[in-house]
Each structure stands twice: as structure tokens, then as C-alpha cells.
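Residue-level structure breakdown
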Amino acid sequence: TATLAPKPVIVPVTVAPPVAVQPAPMTLIAQADSACGAQWQDLQICTDPSTASQLFQQAAATGDMYSMRSLGILACGHKVRSENVCDDLAKAQAWFARSADKGDLFSMTTLGKLFCGSAFKNSMARCLKPHTASEWLLRAANQGDVDAMYWLGWVYHDYGFTPDACNWWRRAADLGDEFSRNNVT
């Protein structure tokens, strides 16, 4: 006698809802850079910071270091590089710290400057938070950032550690920094 094959069990198939495809970080970054305009790359002046911020935040969510740095710059405003002035210090520090933790030297050095305060070096005021500032500057300087070496020299100099200051200025001068060379000679 022939045996009957067991009746197949029909299992309902559930179809997962379609997942929205997120744009690649580079696409988001290009759109954010475009929203900021022609003066963004050189002068860090952004013509549409609201749109740029949204796009950079999406890219930063993927772990993109450049976007985190850019969000720090947007939070500070364009005078952060030239005058160490920051519009929203807490937000900027948070973004720069995230970028710095990913290895961004610009963010490390900028954090050091921000912890020193906007008056530091512009009016020869002392660095407001030398311990925290020097920690960030040291991280960048030890990885070869000349700007960090120069600023670290001033932090040490202002608190009486002249030999340490001269050592950092000498290292920066050896790497071609004219400002540090003027301080050593």
C-alpha cells in the first residue's frame, strides 16, 4: 500500500514594512555644505544654518566626524576660528567633544581654545580653565597639531611653566609655525 505524504503546513508569511533608505552620509554632507553656501569651507559662514544643521545631524547620527565638527561650528558661529567666540558654548562643546573622541584634531584644539575663553590671547587675559583646556590641547599637540602646540605654549606660559611653554613653541616652530618661532627667539 502506498503511504500518503503528509499534508503541507501552510505558514503565513509576514512581510516586513519597507525600510526607508537613508541617504549616505556623503550625500547628506554635500547637501549640508551646499545649504551653507560658498563661504562655508573657507570662512565657516553658513547662509542657511537651519537646513545645514538638520542635514549634518542626520550624517552625524551615522558617526560622521566631519558632521559633528560642523555642528560644533554652527553652534558657535563663524567667529570661533578667528576669535574663539561661541554663540552656544554648551552645544558646541558637546559636538566638538564627539568629533574629538573620533580623532578630529581641529575639534580637540578648538575645545582647548573654548575652555580658555574668548579673551585669552586677544586681551592677554589668563586661560579660564587651564586644566581642561590643556588636556584637549595636549591630545591634539601630541598628534602633531601645530595650532594646539602654539596655544598650549601660551597656557603653560601664562601659568608660569616657561620651560614647558618654550618646548611646545619650539616643536611648533620646527614644524613651520612662525608665531611660535617669534615666541622662542
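Our structure's up above, just so we're on the same page.
To keep things clear, this report deals only with the structure shown in the data block. (Residues numbered from 1 in each chain as written. Predicted model: local features only at pLDDT ≥ 70, side-chain atom pairs only at ≥ 80, totals over all residues. Heavy atoms only, no water.)

**Describing the overall build of the protein chain**
Helices and strands together make up the secondary structure of the protein chain, namely 11 helices and 0 strands. Scanning the protein chain from its N terminus toward the C terminus, one meets helices and strands in the order α-α-α-α-α-α-α-α-α-α-α. Residues counted as buried form 41% of the 185 residues belonging to the protein chain. In the protein chain, the share of contacts with a sequence separation of at least 24, taken over all contacts with a separation of at least 6, comes to 51%. As displayed, the protein chain has an accessible area near 10,700 Å², and 58% of this comes from carbon and sulfur atoms. (Helix = DSSP H or I, 4+ residues; strand = E, 2+ residues; numbered from the N terminus. Buried < 20%, exposed > 50% of the residue type's maximum accessible area, 1.4 Å probe, protein only. Contact = heavy atoms within 4.5 Å. Areas by Shrake-Rupley, 256 points an atom, 1.4 Å probe, with all protein chains shown as cover.)

**Description of the nonpolar core**
Counting 49 residues, the largest nonpolar core has F56, C76, F96, L111, F120 and W136 as the members making the most contacts within it. Those elements that provide at least two residues to this core are α1 (25-36), α3 (49-60), α4 (65-76), α6 (89-101), α7 (105-116), α8 (130-141), α9 (146-158) and α10 (162-174). The element best represented in this core is α9, accounting for 8 residues. Each residue touching F96, except ones within four places of it in the same chain, is listed here: R69, G72, I73, C76, F106, S107, T110, L111 and L114. (Core = buried A, V, L, I, M, F, W, Y, C linked by side-chain atoms within 4.5 Å.)

**Brief notes about the side chain of D158**
Mapped onto the elements of the fold, D158 is located in helix α9. For the buried D158, no salt bridge is present, and the opposite-charge side chain at shortest range is R126, 5.8 Å distant. Residues within four places of D158 in sequence aside, it is in contact with F120, A125 and R126. (Lys, Arg positive; Asp, Glu negative; His and termini not counted. Salt bridge = Lys/Arg side-chain N within 4 Å of Asp/Glu carboxyl O.)

**Focus on the packing of aromatic side chains**
Enumeration according to the criterion identifies 8 aromatic pairs in this entry. Seen in terms of ring centroids, W40 and F56 are 6.1 Å apart; in terms of plane orientation they differ by 35°. Their pairing is tilted. One end of the pair, W40, is in helix α2 (residues 40-43); the other, F56, is in helix α3, and 16 residues separate them in sequence. Under the relative-accessibility criterion, W40 is labelled buried at 4%. The buried category is assigned to F56, whose relative accessible area is 0%. For the ring pair W154 and W169, a centre distance of 5.0 Å and an interplane angle of 70° mean the geometry is edge-to-face. Separated by 15 residues along the polypeptide, W154 in helix α9 and W169 in helix α10 bring together distant segments of the chain. What makes W154 buried here is its relative accessible area of 10%. (Phe/Tyr/Trp six-rings, centres within 6.5 Å; stacked < 30°, edge-to-face > 60°.)

Function cannot be read off these values alone, since they describe shape.
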